[in-house]
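Residues per chain, in single letters:
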Amino acid sequence: PVRNFANHDQLTLFFGSLNANREWREIMPALNTVVKEAGPRLFVRVLADEGFFQQLSTPYKHFTPLCKYKTYLDLLSQSDIALMPLRDTPFNRCKSDLKFIEASAARVLSIVSPVVYGASIDHGRTGFIFRTPEDITVQLRAILANPEAACSMADAARSHVLATRMLSSQI
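Residues numbered from 1 in each chain as written. Predicted model: local features only at pLDDT ≥ 70, side-chain atom pairs only at ≥ 80, totals over all residues. Heavy atoms only, no water.

### Concerning the overall build of the chain
Okay, so step 1: Along the chain, the regular secondary structure elements total ten helices and six strands.
Okay, so step 2: In summary, the chain has a C-alpha radius of gyration of 15 Å against a globular reference of 16 Å for 171 residues, a match within 12%.
Okay, so step 3: Dimensions along the principal axes, computed over C-alpha positions, put the chain at roughly 45 × 35 × 30 Å.
Okay, so step 4: Taken across its 171 residues, the chain has 50% of its residues classed as buried.
Okay, so step 5: Within the chain, contacts between residues at least 6 apart in sequence are counted, and of these 67% link residues at least 24 apart.
Okay, so step 6: Accessible surface, the chain as shown: approximately 8600 Å² in total, 55% of it carbon and sulfur.
Okay, so step 7: Side chains of the chain give 19 positive and 16 negative charges; the mean places of these two sets differ by 4 Å. (Helix = DSSP H or I, 4+ residues; strand = E, 2+ residues; numbered from the N terminus. Rg over C-alpha atoms; globule rule 2.2 N^0.38 Å. Buried < 20%, exposed > 50% of the residue type's maximum accessible area, 1.4 Å probe, protein only. Contact = heavy atoms within 4.5 Å. Areas by Shrake-Rupley, 256 points an atom, 1.4 Å probe, with all protein chains shown as cover. Lys, Arg positive; Asp, Glu negative; His and termini not counted. Charge placed at Lys NZ, Arg CZ, Asp CG, Glu CD.)

### Quick notes on the side chain of Ser113
Okay, so step 1: Turning to its location among the elements, Ser113 is positioned in the loop between β5 (109-112) and α7 (114-117).
Okay, so step 2: Ser113 gets classed as buried once you look at its relative accessible area, which sits at 2%.
Okay, so step 3: What Ser113 contacts, discounting residues up to four positions off in sequence, is Met84, Pro85, Leu86, Gly118, Ile129 and Phe130.

### Here we look at unusual backbone geometry
Okay, so step 1: The backbone of Phe5 sits at a positive phi, close to 55 degrees, despite the residue not being glycine.
Okay, so step 2: Within the chain, Ala48 stands out as a residue other than glycine whose phi angle is a positive 80 degrees.
Okay, so step 3: By the element assignment, Ala48 lies in the loop between β2 (42-47) and α3 (50-55).

All quantities given are derived from atomic positions and should not be read as evidence of function.
Given below as structure tokens:
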């Protein structure tokens, strides 16, 4: 069930990953620029990656250690935005876009790297694709400036997943 975008005065950014410090180091300065500007308007929920949590320059954050899948989905569904950075490596190119599907099913707006997710997202309609750290800054500022438009994009992503990515359609 949809449980997010209830309070447009404070949005929640979700980041959940294991052993991904190489994935986010390049984008952390850009992310910290936005979280400092946003103050309490942007709360960050971090799952499993304590290094990422420690590098965030905001008091408006919460860390959850590695948890059960049901808890992960619960935390994700209470968020408004999901950040999914992946560097272009042979290993990452073999991953699936499952995190985008999970986020979209819960109406969470995705900000993703083009690796793995580029073919899944219609940039500007069902999510945002970033190519540079500065893109993340621009995209997060746009979301904070217009949460209604962000919610509409998340609705479009949810509709897309419901129409094209359900397991029943694959069988």
